[in-house]
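Architecture at a glance
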Amino acid sequence: MNETEILLAREHDRESLRRALRDKKIEKIRRGAYRDRRTSTGDRYRDATERAVARIVAVGTQLRHVCVSHESAALLHGLRLWQLPQRVHVIQDYRASSASARDIARHRLTLGAHERTEVGGLAVTSLERTVADCCVSLHPLLALVIVDHALTLGLDLGVVRELVGGMRDVRGRRRALLVLELADRGAESAWETWLRYLVLRAGLPRPVTQLRVSTPHGEFRADLGWTPFRLLAEFDGRVKYVAGALGPGHDADRALFDEKRREDYLREERWGWCA
């Protein structure tokens with residue numbers, strides 16, 4: 001993330017900005033903030049993510065004495081999100097004016113020094129504070145996706161629990177503590193978290209993530225599994241069966257063949273599949 005990519009109207013000649021906008025050299029990110037016009041990467045989610053990050057950087061640069069928070073901070077920390085935030089979340093210790101912008105969600109409270117950090121020169125809530133805020137305020141699935149990934153970045157669950165315990169929202173606290181209990185660093189994608197979430201919501205026993213199974217033909221791994229029941233579950237995205245979908249040289253037919261052979265080897269060892 002680079003703050004210099006954002007052009008603030010207050011720091012540039014307005015006529016020059018209007019001309020650059022008209023000539024499609026720059027694009028508007030939000031009121032008073034622009035960036036160089038980008039060519040689409042061809043990946044809609046990546047394009048949307050880059051634009052969301054640019055908007056967060058713009059807000060964090062435009063506003064004084066605020067700290068980017070919640071899912072906006074999660075995005076800046078590089079965490080996976082189930083869906084991109086529609087507004088930029090910030091924490092401030094002063095009351096917002098009645099003319100506050102609609103694309104900003106303001107949370108009024110005072111943060112301790114240990115709850116703040118910097119990302120790319122912007123004031124951002126710490127990883128633990130970010131996760132605590134998300135767990136209390138978001139739907140459990142959305143929060144679980146964030147916590148799963150945060151664990152791989154060294155998240156301290158003990159600190160998060162302490163932060164959650166000090167928050168006022170009683171229902172949010174209970175929900176957050178449950179999400180923290182269900183978190184698992186083994187999820188390698190948001191979709192794998194989604195699959196585990198559905199399994200747990202259905203009342204099934206907690207599965208092992210990235211379960212490794214040894215066979216005479218080698219060791220194989222499944223997204224989820226229950227060793228006592230010899231049962232495996234996986235999220236199978238269709239993308240890997242599309243030629244070239246995973247980059248140049250990706251052989252979709254080979255991927256399909258390897259997947260079928262792996263399944264046959266596991267069934268020979270009496271492992272079943274539920275997804």
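Refer to the preceding data block for the structure.
First, a word on what this report is: a plain description of the structure on this page. What you are looking at is a predicted structure, and each value in this text was computed from that prediction instead of being measured. The residue numbering used here restarts from 1 in each chain and proceeds along that chain's sequence as written. Local features in this predicted model are restricted to residues whose pLDDT is 70 or higher, and side-chain atom pairs enter the listing and the counts only when it is 80 or higher, whereas totals over whole chains, interfaces and linings include all residues. To get the side-chain values, take all heavy atoms of the structure and skip hydrogens and water.

A word on the side chain of Asp 184
- Mapped onto the secondary structure, Asp 184 falls in the loop between helix H7 (170-182) and helix H8 (190-201).
- No salt bridge forms around the buried Asp 184; measuring N to O, its nearest opposite-charge neighbour Arg 206 is 4.4 Å away.
- A 3.5 Å cut-off defines polar contacts: any pair of N or O atoms within that distance qualifies, except that in protein one atom must be a possible hydrogen donor and the other a possible acceptor, and neighbouring residues in sequence count only when both atoms are side-chain atoms. In this structure the side chain of Asp 184 is engaged in a polar contact, spanning 2.7 Å, whose partner is the backbone nitrogen of Gly 186.
- Residues in contact with Asp 184, not counting those within four places in the same chain, are Asp 148, Leu 151, Arg 196, Arg 206 and Thr 209. Runs of H or I in DSSP of at least four residues are treated as helices and runs of E of at least two as strands, each being numbered from the N terminus. Whether a residue is buried, partly exposed or exposed follows from its accessible area with a 1.4 Å probe, protein chains only, as a fraction of its type maximum: under 20%, in between, or over 50%, in that order. By the counting scheme adopted, Arg and Lys are positive, Glu and Asp are negative, and His together with the chain ends is not counted. For salt bridges, the criterion is a side-chain nitrogen of Lys or Arg within 4 Å of an Asp or Glu carboxyl oxygen. Whether two residues touch is decided by their heavy atoms; if any such pair falls within 4.5 Å, the residues are in contact.

Quick word on the packing of helix H4 (residues 127-137) against H7
- What counts as an axis is a line fitted to C-alpha atoms, over the stretch in contact for a helix, and the angles between N-to-C directions run from 0 to 180 degrees. With their axes 7 Å apart at the nearest point, H4 and H7 run at an angle of 115° to one another. For the element pair H4 and H7, the recorded crossing hand is right-handed. For the pair formed by H4 and H7, the contact residues are Val 131, Cys 135, Val 136 and Ser 137 on the first element and Gly 172, Arg 175, Ala 176, Val 179 and Leu 180 on the second.
- Across the contact of H4 with H7, the residue classes break down as six nonpolar, two polar and one charged. Handedness of each helix crossing follows the sense of rotation of the near helix against the far helix: counterclockwise by less than a right angle gives left-handed, clockwise gives right-handed. Classification convention: Asp, Glu, Lys, Arg as charged; Ala, Val, Leu, Ile, Met, Phe, Trp, Tyr, Cys, Pro as nonpolar; all other residues, Gly among them, as polar.

Here's the deal with the sheet that holds strand S2 (residues 26-30)
- Taken together, three strands build an open sheet; the order of strands is S1-S3-S2 and the sheet is antiparallel. Every other strand in the sheet has two partners, leaving strand S1 (6-8) and S2 as the edge strands with one partner each. Sheet twist, expressed as the mean angle between neighbouring strand axes with direction ignored, is 40°.
- Note on pairing: two strands pair once DSSP finds at least 2 bridges between them. Sheet topology note: the S1/strand S3 (residues 33-36) ladder contains three bridges and is antiparallel. Looking at the pairing, Leu 7 lines up with Tyr 34 of S3.
- Of the strands in this sheet, S2 and S3 touch helix H1 (residues 14-22), which is tilted by about 110° from S2.
- Across the sheet, helix H2 (residues 44-62) touches S1, S2 and S3, and the angle it forms with S2 is around 65°.

A short note on unusual backbone geometry
- Here the phi dihedral of Lys 24 falls at roughly 60°; this positive angle occurs in a residue that is not glycine.
- You will see that Arg 230, though not glycine, has its phi angle at about 50°, which is positive.
- Residue position: Arg 230 is located in the loop between strand S10 (218-226) and strand S11 (231-233).

Looking at helix H5 (residues 140-152)
- One fewer than the residue count of a helix, multiplied by 1.5 Å, yields its expected span. Taking 1.5 Å per residue as the helical rise, H5 with its 13 residues ought to reach 18 Å, and the 19 Å between its terminal C-alpha atoms agrees with that figure.
- Taking burial as the measure, the 13 residues of H5 include 11 buried ones, the bulk of the element.
- At its buried positions, H5 is contacted by helix H3 (70-76), H4, helix H6 (157-165), H7 and H8.
- Trailing H5 by a residue or two, Gly 154 shows a phi angle of about 95°, which is positive.

Side note on the side chain of Asp 103
- Among the secondary structure elements, Asp 103 is positioned in the loop between strand S5 (88-92) and strand S6 (104-108).
- The residues touching Asp 103, leaving out its near neighbours within four places in the chain, are Arg 30, Arg 55, Arg 87 and Val 88.

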